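So you can see what is in the structure, the chains are spelled out below.
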Amino acid sequence: HVADNQHRPNSWLPGARAWTSESIGQVPRVNGSAALGNDDAVLSLLNHLVTHGACVLENSPIREGYLLELAQRIGPVRDSNFGALWDVLADVALAGDAKTNSTANTGLRLGPHSDLPTREIPPGFQFLHCLVNEAEGGESTLTDGVALVEALERDHPEAFELLSTRHWIFFNRGPGIDHRWSAPIIDYLPGSDVPTLRAFYPVRAFPAMATEDIGRSYDALRLFHRLADKPEFELKFRLTAGDIMCFDNRRILHGRDAFTGSGKRHLQGVYIDRDEILSRGRALNRAAGLHG
């Protein structure tokens, strides 16, 4: 094992590959109709998640709770204050009157973001299962953080330096919860070559840096979000019932256009930590003799 150099963390896994909307064309897709009994479908999904950070498992069963069955083929679900399995549910006709603690349950636009930057280690991967999508608009968006960070470092080095070294306090407080963490927007966690992006504006609460850096850091942050929204970096597509959008929550910025008209939109989601995705990917690749 060691002599063959197969003992390293990246052994039995494909390498991460940065992408733009032009280079990838569309989000990779895998037929998920037989994923519960087919290691090939699961392996293809996991390898896309490691390589590209995103994949759509299409033609999946349309039933509530299916994500928990799928997770049993991969690894334990990571619980959070949303619960182990959580709903993203909006009735567009009632969106203006809805009482919710999340903008995801309204018809409002969600700009490119990552979930739970308030945590020391944000959830690694997110799976969103589309059960109903009758709303007009509401197209999903994905932006590759690896390509975005490479462009920032190459073309805007001062902004990159500010975003990767100056800290912000991420803050989410409510009945029974009080999550807080301090880190840069572009956070290189130990042991990972892929940056963790802490980019969710509702919980990015306070700059925690020298006063003279605050103005420049806000300028850099505005640039970061403008780039993330550009067509050259952002894939846009519509989820249909049976699609499961899977992505690296720490690498990929996800979002959604606003809803218009009327109709229901119901997704269910789970988080699965990076350790579990990589572990299952290594085991299946090793069994198949791939990526040694």
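Residues numbered from 1 in each chain as written. Predicted model: local features only at pLDDT ≥ 70, side-chain atom pairs only at ≥ 80, totals over all residues. Heavy atoms only, no water.

Asks: Whenever I open this one, the pairing of strand β6 (residues 125–133) confuses me. Can you help?
Replies: Counting buried positions along β6 yields 8 of 9 residues, so the element is predominantly enclosed. Looking at chain direction, β6 and strand β15 (residues 244–248) are connected through 5 bridges and run antiparallel. Each residue of the ladder has a partner; that of Leu-128, found in β15, is Met-245. Across 8 bridges, β6 lies against strand β18 (residues 264–272) in antiparallel orientation. Paired with Leu-128 across the bridge in β18 is Gly-269. (Buried < 20%, exposed > 50% of the residue type's maximum accessible area, 1.4 Å probe, protein only. Helix = DSSP H or I, 4+ residues; strand = E, 2+ residues; numbered from the N terminus. Pairing = 2+ DSSP bridges.)

Asks: What is the right way to read the sheet that holds strand β8 (residues 140–144) from this model?
Replies: Within a sheet, neighbouring strands are paired by backbone hydrogen bonds and run either parallel or antiparallel to one another. Spatially, the 4 strands line up as an open sheet ordered β5-β16-β8-β14, and their pairing is antiparallel. Two strands lie at the open edges of the sheet, namely β5 (110–113) and β14 (234–237), each paired on one side alone. Each strand axis lies, on average, 15° off the axis of its neighbour in the sheet, ignoring direction. Of the strands in this sheet, β8 and β16 (252–256) are in contact with helix α4 (residues 145–155), which crosses β8 at around 50°. (Axes fitted to C-alpha atoms, helices over the stretch in contact; angles between N-to-C directions. Contact = heavy atoms within 4.5 Å.)

Asks: Quick question: what am I supposed to make of the packing of aromatic side chains here?
Replies: The relative placement of two aromatic rings is captured by the distance of their centres and the angle of their planes. In total, this model carries 5 aromatic pairs according to the counting rule given. Where Phe-171 meets Phe-206, the ring centres are 5.6 Å apart and the plane angle is 75°; that geometry is what we call edge-to-face. Residue Phe-171 is found in strand β9 (residues 167–174), and its partner Phe-206 is found in strand β13 (residues 204–208); the two are separated by 35 residues along the sequence. Its relative accessible area of 42% is what places Phe-206 among the partly exposed residues. By the ring-pair criterion, three or more aromatic residues cluster together here, those being Phe-82, Trp-86 and Tyr-271. Lying over the aromatic face of Trp-168, Arg-204 brings its terminal NZ or CZ to 5.5 Å of the ring centre. (Phe/Tyr/Trp six-rings, centres within 6.5 Å; stacked < 30°, edge-to-face > 60°. Lys NZ or Arg CZ within 6 Å of the ring centre and 35° of its normal.)

Asks: I tried to follow the confidence of the model for the protein chain on my own but got confused; where do I start?
Replies: Keep in mind that low pLDDT regions are not for reading the predicted coordinates in detail. Per-residue confidence for the protein chain gives a mean pLDDT of 92; residues scoring 70 or more make up 93%. Note on residues 92–98: pLDDT under 50 across the span, and 9 contacts to partners over four residues away in sequence or across chains. (pLDDT = per-residue confidence, 0-100.)

Asks: What should I look at first to understand the pattern of salt bridges in this one?
Replies: Oppositely charged side chains can pair when the atoms bearing their charge come close. If you walk through the whole model with that rule in mind, you get 17 salt bridges. Salt bridges sharing partners connect three or more residues here, namely Glu-158, Glu-161, Arg-166, Asp-213 and Arg-216. (Salt bridge = Lys/Arg side-chain N within 4 Å of Asp/Glu carboxyl O.)

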